[in-house]
Amino acid sequence: MLEALFKLKEHGTSVKTEVIAGFTTFLTMAYIIFVNPAILAQTGMDFNAVFVATCLAAAFGTAVMALLANYPIALAPGMGLNAYFTFAVVKGMGVPWQTALGAVFISGVIFVLVSSFKLREVLVNAIPHSLKLAISAGVGLFLAIIGLKSAGLITASPVTMVQLGDIHAPSTLLAVFGFFLIVALEYRKVKGAIIIGVLGVTLLSILFGLTEFKGVFSPPPSIAPTFMQMDIKGALNAGLLGVVFIFFFVDLFDTTGTLVGVSHRSGLLDKDGKLPRLKKALFADSSAIMVGAALGTSSVTAYVESAAGVAAGGRTGLTSLVVAALFLAALFVAPLAGTVPAYATAPALCYVAVLMARGLAEIDWDDITEAAPAVITAVGMPFTYSIADGIAFGFISYAAIKVLAGRYKDLSPAVLIITALWLVKFAAFG
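Residues numbered from 1 in each chain as written. Predicted model: local features only at pLDDT ≥ 70, side-chain atom pairs only at ≥ 80, totals over all residues. Heavy atoms only, no water.

Caption draft 1: The overall build of the chain, seen in detail. Within the chain, the secondary structure is distributed over 20 helices and four strands. For 430 residues, the compact-globule formula gives about 22 Å, and the C-alpha radius of gyration of the chain, at 21 Å, lands near that figure. Dimensions along the principal axes, computed over C-alpha positions, put the chain at roughly 65 × 55 × 55 Å. Classification of the 430 residues of the chain by burial places 57% in the buried group. Of all intrachain contacts in the chain linking residues separated by at least 6 positions in sequence, the fraction that spans at least 24 positions is 81%. For the chain, the distance from the average position of its 25 positive side-chain charges to the average position of its 22 negative side-chain charges is 5 Å. (Helix = DSSP H or I, 4+ residues; strand = E, 2+ residues; numbered from the N terminus. Rg over C-alpha atoms; globule rule 2.2 N^0.38 Å. Buried < 20%, exposed > 50% of the residue type's maximum accessible area, 1.4 Å probe, protein only. Contact = heavy atoms within 4.5 Å. Lys, Arg positive; Asp, Glu negative; His and termini not counted. Charge placed at Lys NZ, Arg CZ, Asp CG, Glu CD.)

Caption draft 2: Looking closely at the layout of surface pockets. The space that makes up the largest pocket amounts to roughly 790 Å³. Lining the largest pocket are 33 residues, with Met-79, Gly-80, Leu-81, Phe-142 and Tyr-385 positioned closest to its centre. When residues of the lining of the largest pocket are traced back to their parent elements, those giving at least two are helix H5 (81-93), helix H8 (129-151), helix H12 (241-266), strand E4 (300-302), helix H17 (342-356), helix H19 (387-404) and helix H20 (413-429). The class makeup of the residues in the lining of the largest pocket is 19 nonpolar, nine polar and five charged. Taken as a whole, the second largest pocket encloses approximately 390 Å³ of empty space. (1 Å grid on protein atoms, 1.4 Å probe; cavity = no way out; pocket = protein on both sides within 12 Å on 5 of 7 lines; lining within 4 Å. Points joined across faces, edges and corners; volume = space filled by probe spheres on them. Nonpolar A, V, L, I, M, F, W, Y, C, P; charged D, E, K, R; others polar.)

Caption draft 3: Seen up close, the packing of aromatic side chains. Inspection of every chain in the model, using the stated rule, returns eight aromatic pairs. Centre to centre, the rings of Phe-34 and Phe-51 are 6.1 Å apart; their planes meet at 35 degrees, and the pair counts as tilted. Residue Phe-34 is found in helix H3 (residues 32-40), and its partner Phe-51 is found in helix H4 (residues 47-69); the two are separated by 17 residues along the sequence. With a relative accessible area of 6%, Phe-51 lands in the buried category. An aromatic cluster is built from Phe-393, Trp-422 and Phe-426, whose rings are joined through pairwise contacts. (Phe/Tyr/Trp six-rings, centres within 6.5 Å; stacked < 30°, edge-to-face > 60°.)

Put into structure tokens, the structure is as follows:
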């Protein structure tokens, strides 16, 4: 049944490999089931209800991705989008969280419509090949800065923006050891090297008294405080159209960047550099946005941490189905999932960053009109802490450089449209 559903042999994988990959992806993104409620609770939403909504929305979106699109890509409420929801919309604009959820739901409806008419598919496939390679590398660099921050190797600085962290901290030293361990095990071709590294650091952390073992089982809390509390009528107010647009636009390119980056790393792009079954993949995340808003959480999006599972050998939707099952299990074993500290997953993110950065090697460095926008795209993601902004910089620079170089014939109508949309977004909303 699994072979017929996921075509494991065709993708050169096995049930064991896919299960290990699923566990690996889940461990690298399990933080969201605690971080997301902590952020959204600042709007007045019930922490426990958001915890349940986060797990259910992630399980739903990831299961749809698995069964419909057969991709090893997991979905969950997006970091960045939840911060925008909380600090810009609710706390900054004074919008009730129920109305903000309504805006998220409407953006999901727009996603579904755009995907149904293939417009979103056209936009994704219009990305120039050099930018696709750069997106893959940029997602890797984005993972690296997340991993370095989680490990404590870098920290904020009021003078230089970023600086070396406390390299004497036991947690930082464990994270560094975890990275070395993963690389060494991978070199020795040990199966499950990434998950061994994550669990190894967690175990050492518990033994050294750095992490508290929080137990295993607990009954799931009630979702009633947030379930179906979205205010769609209020969100249709003209003053919130800009909010809906930003939810839609940012999530479009966050998900697009993740799909392209992870799929390139896993060899799932076809000979033309396009994603097969793209429409189904896009439907998975757009429908998950609507379901997530109904459950009581901010926008659901594809997760760059999926690259960790791909690096562990995940190639089909079975990897995603395992992740979905683990999100459901997390409802009952939340204390166990919460035992894994961020610095234990940081080595996995840094290792995957190493693998994904090699996409830069495939860029045509002899054509500066291709190479320059690619570099801008790749470095834009970690330094703006946004996949979407990195892609925006890439498109704008690609179009501008091609025109100024007299290579305007290289620009397709779709590239020009996407560039214009990004310019409008920055001009109107920043």
